[in-house]
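Analysis of the macromolecular model
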Amino acid sequence: MKAKTENMGVEAVTKRNKRREKLILNGWCWLFMSMSLIFYILFQGYPIICSIQYSFLDWSGLTSHAAFIGLQNYVELIHDELFWNAFFNSFKYTIMIVPLELAVSLFLAYMLNNEALKGRTVYRTMYFIPVVTTASVVGIIMIFLLGVQGPINHVLVTLHLIKAPINFLGNAKYAMPTLVLISLWKDCGTYMIYWLAGLQGVSKDVYEAATVDGATRFQTFIHIVLPLIAPVGGIIAILCAINSLKVFDIVKTMTEGGPFYATDVIATYVYRSAFSSEIGMPRLGYASAAAILFGIAVIVIGVVLNIIKARLNSRRV
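Let me sum up the structure you'll find in this document. All figures in this text were calculated on a predicted structure; none of them were measured in a lab. (Residues numbered from 1 in each chain as written. Predicted model: local features only at pLDDT ≥ 70, side-chain atom pairs only at ≥ 80, totals over all residues. Heavy atoms only, no water.)

Let us look at the overall build of the chain. Across its full length, the chain holds 12 helices and two strands. When the helices and strands of the chain are listed from N to C terminus, the series reads α-β-β-α-α-α-α-α-α-α-α-α-α-α. Here the C-alpha coordinates of the chain stretch approximately 95 × 70 × 35 Å along the principal axes. When each of the 317 residues of the chain is scored for burial, the buried share is 34%. Long-range contacts, defined here as pairs at least 24 residues apart, represent 67% of the contacts in the chain between residues at least 6 apart. As displayed, the chain has an accessible area near 19,900 Å², and 69% of this comes from carbon and sulfur atoms. Averaged over its 25 positive side-chain charges, the chain has a centre that lies 9 Å from the centre of its 17 negative ones. (Helix = DSSP H or I, 4+ residues; strand = E, 2+ residues; numbered from the N terminus. Buried < 20%, exposed > 50% of the residue type's maximum accessible area, 1.4 Å probe, protein only. Contact = heavy atoms within 4.5 Å. Areas by Shrake-Rupley, 256 points an atom, 1.4 Å probe, with all protein chains shown as cover. Lys, Arg positive; Asp, Glu negative; His and termini not counted. Charge placed at Lys NZ, Arg CZ, Asp CG, Glu CD.)

It is worth spelling out the packing of helix α7 (residues 172–199) against helix α9 (residues 217–245) at this point. Packed helices, taken two at a time, are described by their axes: the angle between them and the distance between them. Remark: α7 packs on α9, axes separated minimally by 9 Å, with the N-to-C direction vectors making an angle of 155 degrees. Taken as axis vectors, α7 and α9 run roughly antiparallel relative to one another. As α7 packs across α9, the resulting crossing turns out to be right-handed. Contacts between α7 and α9 involve Y191, Y194, W195, G198 and L199 from the former and V225, I229, V232, G233, I236, L239, C240 and N243 from the latter. Taken together, the residues of the contact of α7 with α9 sort by class into 10 nonpolar, three polar and no charged. (Axes fitted to C-alpha atoms, helices over the stretch in contact; angles between N-to-C directions. Parallel < 35°, antiparallel > 145°, perpendicular 65-115°, else oblique. Left-handed = near helix turned anticlockwise from the far one by under 90°. Nonpolar A, V, L, I, M, F, W, Y, C, P; charged D, E, K, R; others polar.)

This paragraph deals with a nonpolar patch on the surface. A contiguous nonpolar patch, built from W30, M33, L37, Y40, I41, I48 and I52 and spanning about 710 Å² of accessible area, is present on the exposed surface. Note on L37: relative accessible area 38%, which makes it partly exposed. (Patch = residues over 30% accessible without salt bridge, like charges linked within 9 Å, V, L, I, M, F, W, Y side chains within 5 Å. Salt bridge = Lys/Arg side-chain N within 4 Å of Asp/Glu carboxyl O.)

A separate point is the environment of A262. Along the polypeptide, A262 turns up in the loop between α10 (249–254) and α11 (266–275). Sequence separation between A262 and M192 is 70 residues, and the spatial gap between their C-alpha atoms is 29 Å. Apart from residues no more than four positions distant in its own chain, A262 is found in contact with N89, A172, M176 and G257.

Right, here's the structure in full:
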């Protein structure tokens, strides 16, 4: 009986020690996270709350007076053709660029994951350099290169590939595809790194077994590697889709939403409504309503994509 009592006492002390260690560990975790949490609240959470508040106001952002108008901004947005044009242009841009970014970045990652490739570190760096290049600089350079009198048109005309110079950014037919290709070149390196992380998680034994069985590199990729990295691909697809819906810098620098609003996306629409004087007095409240409405749409899409990814993963298991 005494031994049993002593064992119970030891177990109780052990549990208390484990509980104390867990509390200390959690405390250190919260301590290290505190700065990130504080900055998130100050620069992300608080502005979101303010935007929701502003969306119910008739306010230019320049005066001290703001009138509460309830849902009037949202009602006006529903009947605003330019808002819906920017709304659908954002999704059009996403639908065009996401498959390209996923396919091209995966192709590059698979090629550069080959240990037999000489200088692959150099190639990785070359493909990643555009990612760290400022979007405004890329935009200015591309405006020069793609101009009617630019070198690209000059080469195309000289080689008789086209009869007359093309206004890539000034023609509504070519402006959006041109932006998509430039964004593809600039952002592809990010998703290439993600794919590389997934590919490096595949055991070398898998490749060796496939080689012994006589599978080609293409067959190994399609039938073995791709199914193994599919969960990683789902996460990359979600990140790619959400990031493309938030596009702003490259559009603002190169076309500012033109020509004739052909490349106008939600971010440029909100910027123009909130800060630009080209439409008269800025409307910060109206712009906030547009941002909130589109943000809700993005959240819904993100939730749907996560559900689809979870179901696909569960079926695989």
